[in-house]
Amino acid sequence: MDKKAILESLSSVHHPARQDRSVVELGMVQSVDISDSRVTVTLAFPKKRDPLTEYLVGACRAAIIRDFGVEAEVRTVVTEEAKPAKRTLNLDQEQVKDIKHIIGIASGKGGVGKSTVAVNLACALARLGYRVGLADADVYGPSVPVMTGTEGEQPEAVQNGDQELIIPLQKYGVEWMSIGYFAEKGQALIWRGPMACNALKQMILQVAWGPLDFLLIDMPPGTGDIHISLVQEIPMEGAVIVTTPQAVALADVEKGVNMFRNKSIDRPIFGLVENMAWFTPEEHPDEKYFIFGKNGGAEMAAELGVELLGQIPLVQSIRECGDAGEPAALGNRPDGLAFIQLASRLAEKLG
């Protein structure tokens, strides 16, 4: 009778709840001691008590008595199962060190045209001769691929030492990156906060941007853990807040401004953009209809002590150009010129 023989005997004891595998196969036999014709077996159980503990102890004792005719003592110990090591993203700020200004484009609520402003502002800055990139961080509703006519395209990746870098798409003189390039059309991204934060950090810090004058980050609407994570872990210089003149939208502007002004974040607000400031029929460019209210953004900017960077009219062509993947800022109509003026003011403000 030796340890090998004891283990062969215990191989006949199966755990009914663990795919009927033996206690030996499951690695539950922690030790076997033989002394003076007495056998002591120690079985290891997870931290959570196994409801079949008593059954397995009795079955092991019976197997040894049956096969060797000696008394057996079966002890039990509790061991914690090894937890898989947490995967950590080995991301640093190396890829953004040559970017002069990283600006967040934010809004207190959805539906105010934040992404429209972000895409057109990027194109307008590029038209002014600046090197521009845009990272679409609106993880639950990435719209940049549609608005830039790059839907269905997928960025390539290159190996840079021990790190894989994503090559941004280039169009209209702007470098584009979006989580939408990696999701199937119509696919819902059901991600919890930490998973979304990690994905967004990759969309910014694992991209081969190269030297840029401006990197705009189209942030998710509202305020939450994704915003806090982005601002704290990305060297974001400040933010531009987008709103409409509506009272319901303006009510959330103050929340967005206060988030960036919070002591734990402490980023400046470069200004407010009032989108859909008035409606102008394309056939009558001199007419203005304030269908969402008049000068609500200007009044809110004054109240919060921030600059009103621009007022963007509500023109049908902005929506049509966005749906066609050709941003309005590429043209010379009044809506396109409004984005050029916005870009000029932002660039002048940042020197």
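Nothing here was measured: the structure is a model prediction, and the numbers come from that model. Every chain is numbered independently, its residues counted from 1 as its sequence is written. Local features in this predicted model are restricted to residues of pLDDT 70 or higher, and side-chain atom pairs are both shown and tallied only at a pLDDT of 80 or more, whereas totals for entire chains, interfaces and linings draw on every residue. Side-chain measures here rest on the full set of heavy atoms in the structure, leaving out hydrogens and waters.

**Student:** A description of unusual backbone geometry should follow, citing residues and the corresponding values.
**Tutor:** For Y172, which is not a glycine, the phi torsion comes out positive at approximately 60°. Its location among the elements puts Y172 in the loop between β10 (169–171) and β11 (174–178). Given the relative accessible area of 27%, Y172 is considered partly exposed. Here M276, not a glycine, exhibits a phi torsion of approximately 55°, which is positive. The helix and strand labels rest on DSSP assignments: H or I over at least four residues marks a helix, E over at least two residues marks a strand, and numbering proceeds from the N terminus. Accessible area is worked out with a 1.4 Å probe on protein chains only. A residue is then buried under 20% of its type maximum, exposed over 50%, and partly exposed in between.

**Student:** Explain the nonpolar core to me, using residue names and the numbers behind them.
**Tutor:** Nonpolar side chains in soluble globular proteins tend to end up buried together. Residue types Ala, Val, Leu, Ile, Met, Phe, Trp, Tyr and Cys, when buried and joined through side-chain atoms within 4.5 Å, form a set referred to as a nonpolar core. Core analysis: the biggest nonpolar cluster contains 79 residues, and W176, I204, W209 and F260 have the highest contact counts within it. With nine residues, the top contributor of residues to this core is helix α3 (residues 114–127). Among the nonpolar cores identified, the runner-up in size contains 21 residues, and L26, V57, V70 and V74 belong to it.

**Student:** Now, about the pattern of salt bridges: what can you tell me, with residues and values included?
**Tutor:** Salt bridges are defined as contacts in which a side-chain nitrogen from Lys or Arg sits within 4 Å of a carboxyl oxygen from Asp or Glu. Applying the stated rule across the entire model yields 10 salt bridges. Among the salt bridges present, the one from D67 reaches R66, with a minimum N-O distance of 3.0 Å. Across the pair K349 and E307 runs a salt bridge, and its minimum N-O distance is 3.0 Å. In this pair, K349 sits in helix α10 (residues 334–349) while E307 sits in the loop between α8 (296–304) and β15 (308–314), placing the two residues 42 residues apart along the sequence. Owing to a relative accessible area of 39%, K349 belongs among the partly exposed residues under this scheme.

**Student:** Provide a residue-level description of the environment of N160, including the pertinent values.
**Tutor:** Within the secondary structure, N160 sits in strand β8 (residues 157–160). Taking the relative accessible area as the measure of exposure, N160 reaches 41% and is therefore partly exposed. A C-alpha to C-alpha distance of 9.6 Å links N160 and A208, two positions 48 residues apart in sequence. Those residues in contact with N160 that sit more than four places away from it in its chain are Q95 and L165. We call two residues contacting when some pair of their heavy atoms lies within 4.5 Å.

**Student:** How would you sum up the pairing of strand β9 (residues 163–166)? Please name residues and give values.
**Tutor:** At least two DSSP bridges between two strands are required for those strands to pair. The pairing of β8 with β9 spans four bridges and is classified as antiparallel. Looking across to β9, one finds that Q159 is bridged to E164. Connecting β8 to the antiparallel partner β9 that follows it, the hairpin turn spans two residues, and G161 within it adopts a positive phi of roughly 70°.

**Student:** Lay out the pairing of β11 with the relevant residues and their values.
**Tutor:** Counting buried positions along β11 gives five out of five residues, so the element sits mostly inside the fold. Judged by which residues are buried, β11 turns out to be covered on both faces: V174, W176 and S178 on one side and E175 and M177 on the other are all buried. Two elements, strand β7 (residues 132–136) and β11, share five bridges in a ladder whose sense is parallel. Looking across to β11, one finds that D136 is bridged to S178. Sheet topology note: the β10/β11 ladder contains three bridges and is antiparallel. Within β11, the residue paired with L169 across the bridge is W176. In sequence, β10 turns back onto β11 through a hairpin of two residues, with Y172 there showing a positive phi of about 60°.

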